[in-house]
Structures are given as structure tokens and as C-alpha cells.
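# Fold and geometry: a report
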Amino acid sequence: MLRLEDVGFGQGAFALSADLALAPGQRVAVIGPSGAGKSTLLDLIAGFRRPGRGRVLWQGRDITDVPPDRRPVAMLFQENNLFPHLDLLRNLGLALRPDGGRLRASDRAAVEAVLARVGLEGLGGRRPGALSGGQQSRAALARVLLQRRPVLALDEPFAALGPALKTEMLELLREVAEELGALVLLVTHDPQDARRFAEEVVLVSEGVAQAPVETGVLFADPPEALRAYLGG
Ligand SMILES: Nc1ncnc2c1ncn2[C@@H]1O[C@H](COP(=O)(O)OP(=O)(O)OP(=O)(O)O)[C@@H](O)[C@H]1O
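These figures come from a predicted structure and were not determined experimentally. Along each chain, residues carry numbers from 1 onward, in the same order as the chain's sequence is written. Note on the predicted model: pLDDT of at least 70 is required for a residue's local features to be given, and 80 or more for side-chain atom pairs to be given and counted; whole-chain, interface and lining totals, by contrast, use all residues.

## What about the overall build of the protein chain?
Quick reminder of the rule: Numbering of helices and strands starts at the N terminus; helices are DSSP runs of H or I of at least 4 residues and strands are runs of E of at least 2. The globule rule used for comparison is 2.2 Å times the number of residues to the exponent 0.38, while the radius of gyration itself is calculated over C-alpha atoms. The exposure scheme places C-beta atoms from the backbone and then counts, for each residue, the other C-beta atoms within 10 Å of its own, assigning buried at 20 or more, exposed at 12 or fewer, and partly exposed in between. We call two residues in contact when the distance between their C-beta atoms, placed using the backbone, is within 7 Å.
Helices and strands together make up the secondary structure of the protein chain, namely 8 helices and 11 strands. For a compact globule of 232 residues, the expected C-alpha radius of gyration is about 17 Å, and the protein chain comes in at 18 Å, within 12% of that figure. If one aligns the C-alpha atoms of the protein chain with their principal axes, the spans along those axes are about 55 × 40 × 30 Å. Put simply, the protein chain has 232 residues, and 37% of those count as buried. Across the protein chain, contacts joining residues at least 24 apart in sequence account for 66% of those joining residues at least 6 apart.

The structure is reproduced here in C-alpha cells:
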């Protein structure tokens, strides 16, 4: 389980609390109004922010003080997931050799295999700037595959893509998560994403990241906070 145990975070006038548990392998959407704290929640889980109180645990282990690169969490942002000056082979190679050390033949083969897996066969020599938005998203998912972390945290990863491409990427994300058996936390502003992708939803509003609720149950009878967010 990923457990946020009586977690509290504050910054100026903003405060967020969370007391919840998420099961390995689940697909979870994180939704809520702008500025409610969705990114903050992901940052607390990935280790980019430290809670003022409470603990973060993975499979019973306290990871509250573990730095991001040593957490069981892979993070994917809306953009800038790849270094612009490195080709895909080197970008993805960093998942295997974070120190930037020379890639062995077996590393190269592993990178080429995941590139093929996400539909980017033979594009290892391209820099991110020479790829379309959709191809960049695929490359970021390929890196996640190489990292093999059991928790994937994605902060509006496909928001810049058109609807058809976004649907395609969510499907690829589902496949990648299944292959890894990973718990996925997907921040999205689109309730449709939550409906289509997620088994559970964490609603973040009014300073609280609420315990997850089954997606169908939540949308069948939305609580007031969600109704207000959905606009009626
Ligand atoms: N670096 C910062 N310094 C001060 N306040 C910040 C900083 N980053 C975020 N905040 C504030 O923290 C609160 C939570 O922000 P957060 O980005 O987690 O919300 P969000 O739900 O992800 O929003 P959005 O949907 O707009 O991305 C907001 O009120 C925001 O203004």
C-alpha cells in the first residue's frame, strides 16, 4: 500500500491534509479545482515536498525522508520530461545509468526494446525537439518502463495533446502500468479521463485530499465538492 498517514502540508495561506491508502496496481485519478493541491499531493508522494506532519509509507516502509530518486515513484510532468540536448537513447539511458555513465550494449538493447514497445522503433538517435508531441509522450512512457518503479505519478501528462491522441496515450499508459503492475496516480482536469481510465478517484478540495472512492460510485452520486467542480 501507498499510505499517507495523517499528512499535513502548509505553505503560506495554503494547507493540504491527507489520510489515505492506495493499493498497488490501482489506477487512480486525482481531480479537483485549480489550486486545490493536486500537484502538491503528487510532490509529497514523489518526495519533491516534505510534509509538515505525518508520514508517507510504501509497503509499510517509512519513505517520508527518502529523496525522490530513491523513492519507488516515477514522475511524469506535462512537459520537459526529456533533456532537449540529448537524443532518446541517452535520455532513456539515464533511467538505467542515472550517473550518465557509458551505456553498455545490453543497456542500448533495453532502450531500443522499450522504444519499439511504445511505437518509436529506430528513433533512438532523435532529440526530443525532432519529435511530435505525441512521440515525446511515448518517449516519456518508455522511460517510465525502463525505470520499473511500482508507483507512477503523472501530473496532467497529456493535457497538451488533442483528444484522439490523449485517448491513445491513456490506453498506452494503462498497458505500461499493467506490465509494471504499477499503482498509477493521474492528475487530470478532465472528468472523462477519470471515468475512462481510473478505477478510483481521489478528490482534492478545500484543503483535503480525500480517501479514494470507486469511480463509478463517485460519479453516480457526486458529493457537493465534485458537483461544484463539474459545474452543476
Ligand atoms: N512555489 C509556490 N509558492 C507559493 N505557493 C505555491 C507554490 N506552488 C503552488 N503554490 C500554491 O499552492 C496551492 C496548491 O497548488 P497546486 O499546484 O498543488 O494545485 P493544483 O490543484 O495542482 O492546481 P492546478 O490544477 O491549477 O494545477 C495553490 O494555492 C498555489 O497557489
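## Observations regarding the UniProt feature "domain: ABC transporter" (unreviewed entry) in the protein chain
Stated precisely, the cut-off is as follows: UniProt positions are given in the numbering used here, feature names are shortened, and annotations may be inferred rather than shown by experiment.
The UniProt feature table records "domain: ABC transporter" (unreviewed entry) at residues 2–231. A helix fraction of 37% and a strand fraction of 24% characterise residues 2–231, whose end C-alpha atoms lie 31 Å from each other.

## Quick word on the domain arrangement of the protein chain
It is common to give the size of an interface as the accessible area that goes away when the parts come together. So the rule is basically this: Domains are outlined according to an automatic or database domain assignment. Lys, Arg, Asp and Glu make up the charged group, whereas Ala, Val, Leu, Ile, Met, Phe, Trp, Tyr, Cys and Pro make up the nonpolar group; the residues left over, Gly among them, are polar.
Splitting the protein chain by domain gives domain 1 (2–72 + 149–230) and domain 2 (83–148). Spacing between the C-alpha centres of domain 1 and domain 2 amounts to 26 Å. With 13 residues of domain 1 at the interface, the matching set in domain 2 holds 11 residues. Of the residues contributing to the side of domain 1 that touches domain 2, the split by class is 11 nonpolar, no polar and 2 charged.

## Thoughts on helix H3 (residues 105–117)
Rules: To estimate the expected span of a helix, count its residues, drop one, and scale the result by 1.5 Å. Directions drawn from the helix axis to the C-beta atoms are what define this arc.
An ideal rise of 1.5 Å per residue puts 18 Å on 13 residues; H3 measures up with 18 Å between its terminal C-alpha atoms. Among the residues of H3, those classed as buried are Val-111, Val-114 and Leu-115. In an axial view of H3, the angular spread of the buried residues amounts to 105°, which keeps them on one side of the axis. Along H3, the residues that are exposed and aim more than 90 degrees away from the buried face are Ala-105, Ser-106 and Ala-109. Elements that come into contact with the buried residues of H3 comprise helix H2 (88–96) and helix H4 (133–147). Gly-119 occupies a position one or two residues after H3 and carries a positive phi of about 85°.

## Remarks on unusual backbone geometry
The phi angle at Asp-6 is positive, at roughly 50°, despite the residue not being glycine. On the secondary structure map, Asp-6 appears in strand S1 (residues 2–11). For Arg-148, which is not glycine, the phi dihedral falls at a positive 50°. The topology assignment puts Arg-148 in the loop between H4 and strand S7 (151–155).

## Let's talk about the environment of Gly-129
The topology assignment puts Gly-129 in the loop between H3 and H4. Residue classification places Gly-129 among the exposed positions, given that 9 C-beta atoms sit within 10 Å. Considering only alpha carbons, one finds Gly-129 and Phe-83, 46 residues apart in sequence, at a separation of 9.7 Å.

## Some remarks on the site of the ligand
As a reminder of what qualifies: In this entry, near means the residue's backbone-placed C-beta atom lies within 6 Å of the molecule or strand.
Neighbouring residues of the ligand: Gln-11, Gly-12, Phe-14, Gly-32, Ser-34, Gly-35, Ala-36, Gly-37, Lys-38, Ser-39 and Thr-40. Per-element accounting of the shell around the ligand gives the leading share, 3 residues, to helix H1 (residues 38–46). The residue makeup of the shell around the ligand, split by class, is 2 nonpolar, 8 polar and 1 charged.

## Some details on the packing of H4 against helix H5 (residues 163–180)
Cut-off, in case you're wondering: Convention adopted: a line fitted to C-alpha atoms gives each axis, helices being fitted over their contacting stretch, and angles between N-to-C directions are expressed from 0 to 180 degrees. Should an angle fall under 35 degrees it is taken as roughly parallel, and over 145 as roughly antiparallel, whereas 65 to 115 is taken as roughly perpendicular and any remaining angle as oblique.
Between H4 and H5, the least distance of the axes is 11 Å, while the angle of their chain directions is 10°. One finds that H4 runs roughly parallel with respect to H5. In this structure, H4 contributes Gly-134, Ser-137, Arg-138, Leu-141, Val-144 and Leu-145 to the contact, and H5 contributes Leu-165, Met-169, Leu-172, Leu-173 and Val-176. For the contact of H4 with H5, a count of residues per class yields 8 nonpolar, 2 polar and 1 charged.

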